[in-house]
Amino acid sequence: MTTRRRAAAALTVAALTLTGCAGQDKKLAAGPVQVPDPNMSSFSVPVGQAFTDGMQVFQHEGDAPAVIKSVRMAGADPGLELVGVKIADDSRTAGAVQDFEDWPPINDPDLPSEAIKPLDTEIGPLPASNAELLIGMRATREGRLVRKGIWIDYRIGDQDYSVYFPGGVTVCTDGRRNCNAPKDWAKG
């Protein structure tokens, strides 16, 4: 093999490795998920109280059921921690219940306990199915805390995907009823 061909082969291997196309990593961009428009909800909770953000709905147009592998907070201020994530299936009576004062959410007439499922529950493609993400969080310090969005890692068949939802949350721990988001929250 010539020096030129070795250099080209090395660059190809490096590019494939960096983009995730080599080996068993088949992670692509968003995949067949419907990404929501940017949205922001707000909560006023005391430090240490776990609560649930239920604003984000996972819907996909894939050819097989999806399984969510993980949900990570994006652009979250220090002092805002992820407690856990579950899903609410189609047996919930409301489309998306925006917020709950506890984690996991219980005793809510719009969200019967049988609708709450583990994160790794299969979610069928549209129009048959969708899942409300129930994201448990807690403030660990005083102040106004912001999460700008979430990353969702999921699988359909043997294909892994990762998608960003621009679903923000503002949390105020000082008892303010009007807990406004920063003006630039949607800029990532």
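The preceding data block contains the structure.
A brief look at the structure comes next. Since we're looking at a predicted model, the values are computed, not measured. (Residues numbered from 1 in each chain as written. Predicted model: local features only at pLDDT ≥ 70, side-chain atom pairs only at ≥ 80, totals over all residues. Heavy atoms only, no water.)

1. Brief notes about the pairing of strand 1 (residues 39–44)
Working step 1: Side chains Asn39, Ser41 and Phe43 project from strand 1 onto a buried face, and the interleaved Met40, Ser42 and Ser44 project onto a face without burial.
Working step 2: Direction of pairing for strand 1 relative to strand 12 (residues 167–172): parallel, over a ladder of six bridges. Across the sheet, the residue bridging to Ser44 is Cys172, located in strand 12. (Buried < 20%, exposed > 50% of the residue type's maximum accessible area, 1.4 Å probe, protein only. Helix = DSSP H or I, 4+ residues; strand = E, 2+ residues; numbered from the N terminus. Pairing = 2+ DSSP bridges.)

2. Examining the sheet that holds strand 10 (residues 149–156)
Working step 1: In spatial order, the strands read 4-10-11; together these three strands make up an open sheet with antiparallel pairing. Each having just a single partner strand, strand 4 (66–74) and strand 11 (159–165) make up the two edges of the open sheet. The average undirected angle you get between the axes of adjacent strands in this sheet is 20°.
Working step 2: As paired strands, strand 10 and strand 11 are joined by seven bridges and run antiparallel to one another. For Trp151, the partnering residue across the bridge sits in strand 11 and is Tyr164. (Axes fitted to C-alpha atoms, helices over the stretch in contact; angles between N-to-C directions.)

3. Let's talk about the environment of Val169
Working step 1: Examined against the element boundaries, Val169 turns out to sit in strand 12.
Working step 2: With 23 residues separating them in the primary sequence, Val169 and Val146 have C-alpha atoms 5.6 Å apart.
Working step 3: Residues in contact with Val169, not counting those within four places in the same chain, are Met40, Ser41, Phe43, Asp53, Met137, Leu145, Val146 and Arg147. (Contact = heavy atoms within 4.5 Å.)

4. A closer look at unusual backbone geometry
Working step 1: In this model, Trp103 is joined to Pro104 through a cis peptide bond whose omega is -15°.
Working step 2: Relative to the helices and strands, Pro104 is located in the loop between strand 6 (99–100) and strand 7 (116–118).

5. Focus: the nonpolar core
Working step 1: By size, the foremost hydrophobic cluster in this structure holds 28 residues, and its most contacted members are Phe58, Ile68, Ile152, Tyr154 and Val171.
Working step 2: Mapped onto this core, the elements with two or more residues apiece are strand 4, strand 5 (80–88), strand 8 (131–139), strand 10, strand 11 and strand 12.
Working step 3: Counting residues per element, this core draws most heavily on strand 8, which supplies five residues.
Working step 4: Among residues more than four places away in sequence, those in contact with Ile152 are Phe58, Ile68, Ser70, Val71, Leu133, Tyr161, Ser162, Val163 and Phe165.
Working step 5: Ranked by size, the runner-up nonpolar core spans eight residues in total, among them Ala50, Leu111, Ala115 and Ile116. (Core = buried A, V, L, I, M, F, W, Y, C linked by side-chain atoms within 4.5 Å.)

6. Comments concerning the pattern of salt bridges
Working step 1: Counted by the stated rule, this structure contains five salt bridges.
Working step 2: The shortest N-O distance in the salt bridge between Asp153 and Arg72 comes to 2.3 Å. A residue pair is termed long-range when its members are at least 10 positions apart, and Asp153 in strand 10 and Arg72 in strand 4 qualify at 81 residues. (Salt bridge = Lys/Arg side-chain N within 4 Å of Asp/Glu carboxyl O.)

7. Brief notes about the sheet that holds strand 9 (residues 144–147)
Working step 1: Spatial strand order, 1-12-9: three strands in an open sheet with mixed pairing. Strands at the two margins of the open sheet, each flanked by one partner only, are strand 1 and strand 9. Pairwise comparison of adjacent strand axes, ignoring direction, gives a mean angle of 15° for this sheet.

8. Side note on the environment of Gly75
Working step 1: Position of Gly75 relative to the elements: it lies in the loop between strand 4 and strand 5.
Working step 2: By relative accessible area, which is 41% here, Gly75 ends up partly exposed.
Working step 3: Remark: the alpha-carbon pair of Gly75 and Ile150, spanning 75 residues in sequence, is separated by 8.3 Å.
Working step 4: Each residue touching Gly75, except ones within four places of it in the same chain, is listed here: Val146, Arg147 and Lys148.

9. Here's the deal with the side chain of Arg147
Working step 1: Along the chain, Arg147 falls in strand 9.
Working step 2: Here Gly149 takes part through its backbone oxygen, which lies 3.5 Å from a polar atom of the side chain of Arg147.
Working step 3: Only 2.6 Å separates the side chain of Arg147 from the backbone oxygen of Gly167, close enough to count as a polar contact. (Polar contact = N/O pair within 3.5 Å; in protein donor to acceptor, adjacent residues only side chain to side chain.)

10. Brief notes about the packing of aromatic side chains
Working step 1: Tallied over the full model, the rule gives four aromatic pairs.
Working step 2: On the numbers, 5.1 Å between centres and 25° between planes, the contact of Tyr154 with Tyr161 is stacked. The pair Tyr154 / Tyr161 is uniform in exposure class, with both members buried. (Phe/Tyr/Trp six-rings, centres within 6.5 Å; stacked < 30°, edge-to-face > 60°.)

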